[in-house]
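Inside the fold
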Amino acid sequence: LQLVVIDKLPFPPPNDPLVEARVQRLLVCLQHHRKHEDPRGATLYARIIHVADDFDLLTMDRPGGPLMAPPDALSRMMAAAGEHYDPVILKALVQRLGAFPPGTIVLLTDGRVGMVIDGVRGPESFTRPRVQVVREADGRAPESVLVLDLQHTPLGIRSYARPRARPSDAPPPL
């Protein structure tokens, strides 16, 4: 690798695609926590990672951090669109995940409990995802795997589960 001296610092030559990729990854690492309104700006990749990273952190069970249901995390992030997050990127995430992102535990209108298993497949499925039933209305586990496509059934979602806070002296999850 040939080195070129710029301002007395060694730097690889320009126009090298491998170097360009490394620089892009480094910029993402350095910029992905910047607020959207930060005058220094951030690359497109850094803005994408910022949105994805914060959604992951808000919905992850970790010591000292918030544990939020996915719909609550999206609502919180949408409230900060334009200030903390690039609104176009955040809107794209919401449009892909839907009102009930994958992993959301939902109570169906017939009393069964399910887990959302995929994101939006079209405009009709934004609030009507595919759900795998995890508990029957009487509390029993289903006898076999049952996936309901709420887009093609009269069932709907009555509510979704909000995680309970873990006691501060509880051990972290495995």
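Notes on the structure in this doc start here.

Rules used in this analysis
- Residues numbered from 1 in each chain as written.
- Predicted model: local features only at pLDDT ≥ 70, side-chain atom pairs only at ≥ 80, totals over all residues.
- Heavy atoms only, no water.
- Helix = DSSP H or I, 4+ residues; strand = E, 2+ residues; numbered from the N terminus.
- Buried < 20%, exposed > 50% of the residue type's maximum accessible area, 1.4 Å probe, protein only.
- Contact = heavy atoms within 4.5 Å.
- Areas by Shrake-Rupley, 256 points an atom, 1.4 Å probe, with all protein chains shown as cover.
- Salt bridge = Lys/Arg side-chain N within 4 Å of Asp/Glu carboxyl O.
- Axes fitted to C-alpha atoms, helices over the stretch in contact; angles between N-to-C directions.
- Parallel < 35°, antiparallel > 145°, perpendicular 65-115°, else oblique.
- Left-handed = near helix turned anticlockwise from the far one by under 90°.
- Nonpolar A, V, L, I, M, F, W, Y, C, P; charged D, E, K, R; others polar.
- Pairing = 2+ DSSP bridges.
- Core = buried A, V, L, I, M, F, W, Y, C linked by side-chain atoms within 4.5 Å.

Right, let's get into the overall build of the protein. Each helix and strand in the protein was counted, giving four helices and seven strands. Listing every helix and strand of the protein by position from the N terminus yields β-β-α-α-α-α-β-β-β-β-β. The buried share of the protein, reckoned over its 174 residues, is 32%. Put simply, 41% of the contacts in the protein that link residues at least 6 apart link residues at least 24 apart. For the protein, the accessible surface area stands at approximately 11,200 Å², while carbon and sulfur atoms represent 59% of it.

Under the counting rule described, the total for this entry stands at eight salt bridges. In this structure, Arg121 engages Asp149 in a salt bridge whose closest nitrogen and oxygen atoms are separated by 2.7 Å. Within this pair, whereas Arg121 is found in the loop between strand S4 (113–116) and strand S5 (130–135), its partner Asp149 is found in strand S6 (residues 147–149), the two being separated by 28 residues in sequence. Via salt bridges that share partners, Asp118, Arg121, Arg130 and Asp149 belong to a single interconnected network.

Interhelical geometry of helix H2 (residues 44–59) versus helix H4 (residues 87–97) gives an angle of 50 degrees and a closest axis separation of 10 Å. The angle between H2 and H4 places the two elements in the oblique class. When the axes of H2 and H4 are compared, the crossing they make is right-handed. Packed against H2, whose contacting residues are Leu44, Arg47, Ile48, Val51 and Phe55, the element H4 presents Ile89, Leu90, Leu93 and Leu97 at the interface. Along the lines of polarity and charge, the residues of the contact of H2 with H4 split into eight nonpolar, no polar and one charged.

Turning to the sheet that holds S4, a few remarks are in order. Ordered by their spatial adjacency, five strands build an open sheet running S6-S5-S4-S3-S7, and the pairing between neighbours is antiparallel. Bordering the open sheet on either side are S6 and strand S7 (157–160), each of which pairs with just one other strand. Between one strand axis and the next, the sheet turns through 40 degrees on average, direction left out of account. Pairing analysis gives four bridges linking S4 to S5, with the strands arranged antiparallel. Pairing of Gly114 across the sheet is with Val133, part of S5.

Along helix H3 (residues 70–79), the residues that are buried comprise Pro70, Pro71, Asp72, Ala73, Leu74 and Met77. For H3, the elements touching its buried residues are H2, H4 and S7.

Direction vectors running N to C along H3 and H4 enclose 160 degrees, while the axes themselves pass 11 Å from each other. By the angle class used here, H3 and H4 are roughly antiparallel. The chirality of how H3 crosses H4 is left-handed. Listed contacts from H4 to Leu74, Met77 and Met78 of H3 are Leu90, Leu93, Val94 and Leu97. Grouping the amino acids of the contact of H3 with H4 by side-chain chemistry returns seven nonpolar, no polar and no charged.

Within the largest apolar cluster, 13 residues are counted, with the highest numbers of intra-cluster contacts made by Val51, Phe55, Met77 and Tyr85. Mapped onto this core, the elements with two or more residues apiece are H2, H3 and H4. With four residues, the top contributor of residues to this core is H4. Non-local contacts of Val51, meaning those with residues more than four positions away in its chain, are made with Met77, Tyr85, Ile89, Leu90 and Leu93. Core analysis: the second largest hydrophobic core is formed by 12 residues, Ala69, Val131, Val133 and Ile157 among them.

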